Structures are given as C-alpha cells and as structure tokens.
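Working through the structure, step by step
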Amino acid sequence: METANGTNRVTRQNVKTETDSRLKEGITLHLSRWNGLQMAVQNQWGGHDSIQKFHQLAADILSWFSQSNAPLDVEDLETLLHERMLLSFNTEIEDGSIEEVAEQLMILHEDYLLGNH
C-alpha cells in the first residue's frame, strides 16, 4: 500500500485479507476437485442455487478456520462437511471422501499458517 510520501506500507490487516483470499481460493480449488460435491452441484441436487451453495460452503469453511480460538479438529470439519452436504445438497456421502477432503483442507490451512502458500 503506498502512502502519501510514496513509501510502501503493508498493514497487518492487508496481509490477513490477502492471506484469507488465497486461503479461500485454495479451499474452493479443493472443493472443486471433490467428485461428490461436484456431482451434487452439476445435477442441482441442492436446487437451482446449487452453485451459490457451493460458494457458501467455501466461505463457511474459511470462517470456521478463521474464527475458531480453540485448536481445530479434523473431525469437526468432517462434521461440518457432512452436515452441509446433507442439508444443502440432500446428499449423503459414504465413500470416505468427506474424511479425505477434510484432511486435505486441514493440511491446506496448516500450510497457510506456516506461510507456505
């Protein structure tokens, strides 16, 4: 960010916003590779607004990562994914992919915390 005297100044908020944006992109990318979710979106199992529900799921996961003060538990993320698939897309996923996606998202989040993005 450039100041009035022409120097560059980066605030903690700007860095956090950029990091959150990159994390959300990573979350969206991982979700877009999840076959069960993509089938639900493409076939509109969540109704005509399935694509909006997809984006809301990504936003909800980002919020879950960002707002928790307690240590994050992969089982809580699995529960979130399971509930959203069931409630938003009327889809019961039993192929083990929820656990796989949750683990991938936890690794992604840890990478972002460590600055590996």
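Analysis parameters
- Residues numbered from 1 in each chain as written.
- Predicted model: local features only at pLDDT ≥ 70, side-chain atom pairs only at ≥ 80, totals over all residues.
- Heavy atoms only, no water.
- Salt bridge = Lys/Arg side-chain N within 4 Å of Asp/Glu carboxyl O.
- Helix = DSSP H or I, 4+ residues; strand = E, 2+ residues; numbered from the N terminus.
- Expected span 1.5 Å × (residues − 1).
- Buried < 20%, exposed > 50% of the residue type's maximum accessible area, 1.4 Å probe, protein only.
- Arc of directions from axis to C-beta.
- Polar contact = N/O pair within 3.5 Å; in protein donor to acceptor, adjacent residues only side chain to side chain.
- Contact = heavy atoms within 4.5 Å.
- pLDDT = per-residue confidence, 0-100.
- Core = buried A, V, L, I, M, F, W, Y, C linked by side-chain atoms within 4.5 Å.

This part takes up the pattern of salt bridges. A complete count under the given rule lists 2 salt bridges for this structure. In this structure, the salt-bridge partner of Lys-53 is Asp-49, at a minimum N-O distance of 3.8 Å. Measuring nitrogen to oxygen at the nearest pair gives 2.6 Å for the salt bridge that ties Asp-60 to Arg-84. With Asp-60 in helix H3 (residues 50–67) and Arg-84 in helix H4 (residues 74–89), this residue pair connects regions lying 24 residues apart in the sequence.

Here H3 contains 18 residues, and its C-alpha end-to-end distance of 25 Å stays within 8% of the 26 Å for a straight helix at 1.5 Å per residue. What H3 keeps buried is the set Ser-50, Phe-54, Leu-57, Ala-58, Ile-61, Leu-62, Trp-64 and Phe-65. Along H3, the residues classed as buried sweep out an arc of 160 degrees about the axis, all on the same side.

The next subject is the side chain of Ser-50. Among the secondary structure elements, Ser-50 is positioned in helix H3. Residue class for Ser-50 comes out buried when judged on its relative accessible area of 1%. Separated by 3.1 Å, the side chain of Ser-50 and the backbone nitrogen of Gly-46 make a polar contact. Here Gly-47 takes part through its backbone oxygen, which lies 2.7 Å from a polar atom of the side chain of Ser-50. Apart from residues lying up to four places away in sequence, Ser-50 is in contact with Ala-40, Val-41, Gln-44, Trp-45 and Phe-89.

Moving on, we get to the confidence of the model for the protein. Taken over all residues, the pLDDT of the protein has a mean of 86, while the share at 70 or more is 83%. In the predicted structure, residues 5–15 sits below a pLDDT of 50 and forms 9 contacts with residues beyond four places in sequence or in another chain.

Before going further, it helps to examine the nonpolar core. Counting residues in hydrophobic clusters, the biggest one holds 27 residues, and the most contacted among them are Ile-27, Leu-31, Ile-61, Leu-81 and Leu-105. Looking at this core, the elements that each hand over two or more residues are helix H1 (12–32), helix H2 (35–42), H3, H4 and helix H5 (97–113). Beyond its immediate stretch of four places on either side in the chain, Ile-27 contacts Ala-58, Ile-61, Leu-62, Phe-65, Leu-105 and Leu-108.

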